[in-house]
Amino acid sequence: MCYLPGFDCGACGAPTCKSLAEDVAKGNAILSHCVFMQRQMEKHHSLSPEHAFNFIESIWGKDRLDKKCDKKGAINDY
Ligand code: SF4
């Protein structure tokens, strides 16, 4: 947990930072699944932006960040 920011944003696919830390401890995830850890690693040149994007797609699915106005939660989802 000391590496993770404690924001509990869920962007890594785990509901909380503690959950990701538990998954890492069990060998089911890696710290670089945290989007903020990814920024840190990119800053220190230990992770490429392309590799970071691959983590996002492996967690949330391919093309999920593409503009798509009919997806769940988009403005025309009434
Ligand atoms: S992406 Fe990072 S800050 Fe967000 S819940 Fe996961 S570990 Fe915590």
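Residues numbered from 1 in each chain as written. Predicted model: local features only at pLDDT ≥ 70, side-chain atom pairs only at ≥ 80, totals over all residues. Heavy atoms only, no water.

Asks: Would you explain the packing of helix α2 (residues 35–43) against helix α3 (residues 49–60) in this entry?
Replies: Working note: a packed helix pair is described by the angle between its axes plus the distance between those axes. Here α2 crosses α3 at 170°, and the two axes come no closer than 10 Å. Relative to α3, the element α2 is oriented roughly antiparallel. Contacts between α2 and α3 involve V35, Q38, R39 and E42 from the former and P49, A52, F55 and I56 from the latter. (Axes fitted to C-alpha atoms, helices over the stretch in contact; angles between N-to-C directions. Helix = DSSP H or I, 4+ residues; strand = E, 2+ residues; numbered from the N terminus. Parallel < 35°, antiparallel > 145°, perpendicular 65-115°, else oblique. Contact = heavy atoms within 4.5 Å.)

Asks: Mind showing me how you'd approach the site of the ligand here?
Replies: In the vicinity of the ligand, the contacting residues are P5, F7, D8, C9, G10, C12, T16, C17, L20, C34, V35 and F36. Of all elements in the fold, only α1 (17–26) and α2 reach the threshold of two or more residues within the shell around the ligand. (Near = heavy atom within 4 Å.)

Asks: Please explain the packing of aromatic side chains as it appears in this structure.
Replies: Describing an aromatic ring pair means giving the distance of the ring centres and the angle of the ring planes. What the rule picks out here adds up to one aromatic pair. For the pair F7 and F36, a centre-to-centre distance of 4.9 Å together with 85° between the ring planes defines the contact as edge-to-face. Of this pair, F7 sits in the segment before α1 while F36 is found in helix α2, placing the two residues 29 residues apart along the sequence. Using a relative accessible area of 35% as the deciding quantity, one classes F36 as partly exposed. (Phe/Tyr/Trp six-rings, centres within 6.5 Å; stacked < 30°, edge-to-face > 60°. Buried < 20%, exposed > 50% of the residue type's maximum accessible area, 1.4 Å probe, protein only.)

Asks: Where do I start with α3 in this structure?
Replies: Given 3.6 residues to a turn, an α-helix orients residues that are three or four positions apart in the same direction. Compared with the 16 Å implied by 1.5 Å per residue over twelve residues, the 16 Å span of α3 between its first and last C-alpha is a close match. Buried residues of α3: A52, F55 and I56, and no others. Down the axis, α3 shows its buried residues gathered within 95° of arc, on one side only. Turned more than 90 degrees from where α3 packs its buried face, E50 and S58 sit exposed. In this structure, the buried side of α3 is in contact with α2. Within two residues after α3, G61 carries a phi angle of roughly 105°, on the positive side. (Expected span 1.5 Å × (residues − 1). Arc of directions from axis to C-beta.)

Asks: Please explain the environment of D8 as it appears in this structure.
Replies: With respect to the helices and strands, the residue D8 is situated in the segment before α1. D8 sits 59 residues away from K67 along the chain, and the two C-alpha atoms are 25 Å apart. Each residue touching D8, except ones within four places of it in the same chain, is listed here: P15, T16 and C17. Among the polar contacts made by the side chain of D8, one reaches the main-chain amide nitrogen of C17 at a distance of 2.9 Å. (Polar contact = N/O pair within 3.5 Å; in protein donor to acceptor, adjacent residues only side chain to side chain.)

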